[in-house]
Amino acid sequence: LNDTDIKHIKTAITSLNWQGWHMTNKLKKDIQERLGPNVEHIFAEGEADDILIEMAFDKRLDVVVTLDSDLFVMGTPRIWRILRVRGEWLLEDISVEGVCNDWGISLGILQDAAYLAGWDRCHPQGGTFMAFETALTRTKHYGGWKTVLEKTGGLNEEFMGAQESLMSLKRKSKERWLKIIL
């Protein structure tokens, strides 16, 4: 990609709002033409994240380029994040397995920390949550989100009401990883 391509992608990504972003038909067509006929084009009627995650685990794509933390926390094996630092475009290559190994945690602990920090896939109504670093430290120490909340006196309906969302996401993520391992 040249600087102009990266600028357009970055502009599109930064134009995100809470539910997503709009891409004109002309821009879609331009992207498809530039990628060529050997690249599969998929229309997501629902949540595109879920399709991208499944495609990554099915080895239909090697990497997902995103700024969306859901894809990382849900265990997508590898993502690329586009950054602009001091006028230079950088691509950060992130492996969820590598991050978990470096931090000495499991994917479950990462997901629990994200949950305590207000992961919007679990808490669609928003709320007041811990800073991610605090949530990660406490989750590593206590071993899970529920124990953290019990110890800190924060076990209330705000968190308990979203528990099923977290458990469902963790179950799906575990099933995908087990397919790779076994």
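Criteria and cut-off values
Residues numbered from 1 in each chain as written. Predicted model: local features only at pLDDT ≥ 70, side-chain atom pairs only at ≥ 80, totals over all residues. Heavy atoms only, no water. Helix = DSSP H or I, 4+ residues; strand = E, 2+ residues; numbered from the N terminus. Buried < 20%, exposed > 50% of the residue type's maximum accessible area, 1.4 Å probe, protein only. Contact = heavy atoms within 4.5 Å. Areas by Shrake-Rupley, 256 points an atom, 1.4 Å probe, with all protein chains shown as cover. pLDDT = per-residue confidence, 0-100. Phe/Tyr/Trp six-rings, centres within 6.5 Å; stacked < 30°, edge-to-face > 60°. Salt bridge = Lys/Arg side-chain N within 4 Å of Asp/Glu carboxyl O. Axes fitted to C-alpha atoms, helices over the stretch in contact; angles between N-to-C directions. Parallel < 35°, antiparallel > 145°, perpendicular 65-115°, else oblique. Pairing = 2+ DSSP bridges. Patch = residues over 30% accessible without salt bridge, like charges linked within 9 Å, V, L, I, M, F, W, Y side chains within 5 Å. Core = buried A, V, L, I, M, F, W, Y, C linked by side-chain atoms within 4.5 Å.

Draft legend 1. Fine view of the overall build of the chain. Each helix and strand in the chain was counted, giving ten helices and three strands. In the chain, the succession of helices and strands from N to C terminus is α-α-α-β-α-β-β-α-α-α-α-α-α. Within the span of the chain, comprising 182 residues, buried residues form 32% of the whole. For the chain, restricting intrachain contacts to residue pairs at least 6 apart in sequence, the fraction spanning at least 24 positions comes to 45%. On the chain, roughly 11900 Å² of surface is accessible, and the fraction owed to carbon and sulfur atoms is 52%.

Draft legend 2. Focus on unusual backbone geometry. Even without glycine at this site, Lys 59 takes up a positive phi of about 65°. Mapped onto the elements of the fold, Lys 59 is located in the loop between α3 (48-57) and β1 (64-65). In this structure Lys 59 comes out as exposed when scored by relative accessible area, which is 61%.

Draft legend 3. Structural view of the confidence of the model for the chain. This prediction gives the chain a mean pLDDT of 76; 79% of its residues lie at or above 70. Low pLDDT, under 50, characterises residues 16-20; the predicted model gives this stretch three contacts beyond four residues in sequence or across chains.

Draft legend 4. Local environment of the packing of aromatic side chains. Applying the stated rule across the entire model yields two aromatic pairs. Here the aromatic rings of Tyr 115 and Trp 145 are separated by 5.0 Å at their centres, their planes lie at 75°, and the arrangement is edge-to-face. Residue Tyr 115 is found in helix α6 (residues 107-116), and its partner Trp 145 is found in helix α8 (residues 145-152); the two are separated by 30 residues along the sequence. Residue class for Trp 145 comes out buried when judged on its relative accessible area of 5%.

Draft legend 5. A look at the pattern of salt bridges. Counted according to the given criterion, the structure contains three salt bridges. Note that Lys 26 is salt-bridged to Asp 30, the shortest N-O span being 2.9 Å. One end of the pair is Lys 26 and the other is Asp 30, both in helix α2 (residues 25-35) and four residues apart, which spans about a single turn.

Draft legend 6. Highlighting the packing of helix α7 (residues 132-142) against α8. Closest axis-to-axis distance for the α7/α8 pair is 8 Å, and the angle between their directions is 100°. Considered as vectors, α7 and α8 are oriented roughly perpendicular to each other. Residue-level inspection shows Arg 138, Thr 139 and Tyr 142 of α7 in contact with α8, the latter providing Trp 145, Thr 147, Val 148, Lys 151 and Thr 152.

Draft legend 7. The arrangement of the sheet that holds strand β3 (residues 88-95) in detail. Within the open sheet, the three strands sit side by side as β1-β2-β3. Their pairing is mixed. The open sheet has two free edges, formed respectively by β1 and β3, since each of these has just one partner strand. The sheet contact formed by β1 and strand β2 (residues 78-85) spans two bridges and is parallel. Following the sheet pairing, Val 64 is matched in β2 by Ile 79.

Draft legend 8. Quick look at the side chain of Thr 76. Looking at where Thr 76 falls in the secondary structure, it is placed in the loop between α4 (69-73) and β2. The exposure class assigned to Thr 76 is buried, which follows from its relative accessible area of 1%. When neighbours within four sequence positions are excluded, Thr 76 is seen to be in contact with Ile 53, Ala 56, Phe 57, Val 64, Leu 71 and Val 96.

Draft legend 9. Spatial organisation of a nonpolar patch on the surface. A surface patch of nonpolar side chains, amounting to about 280 Å² of accessible area, comprises Leu 27, Ile 31, Leu 35 and Val 39. Relative to the helices and strands, Ile 31 is located in helix α2.

Draft legend 10. Structural view of the nonpolar core. Counting residues in hydrophobic clusters, the biggest one holds 30 residues, and the most contacted among them are Phe 72, Val 96, Leu 110, Leu 116 and Trp 119. For this core, the elements supplying multiple residues, two or more each, are α3, α4, α5 (96-103), α6, α7, α8 and α10 (163-181). Ranked by residue count, the leading element in this core is α6, at seven residues. Those residues in contact with Trp 119, other than ones at most four positions away along the chain, are Asp 70, Val 73, Met 74, Gln 111, Ala 114, Leu 166 and Leu 169.

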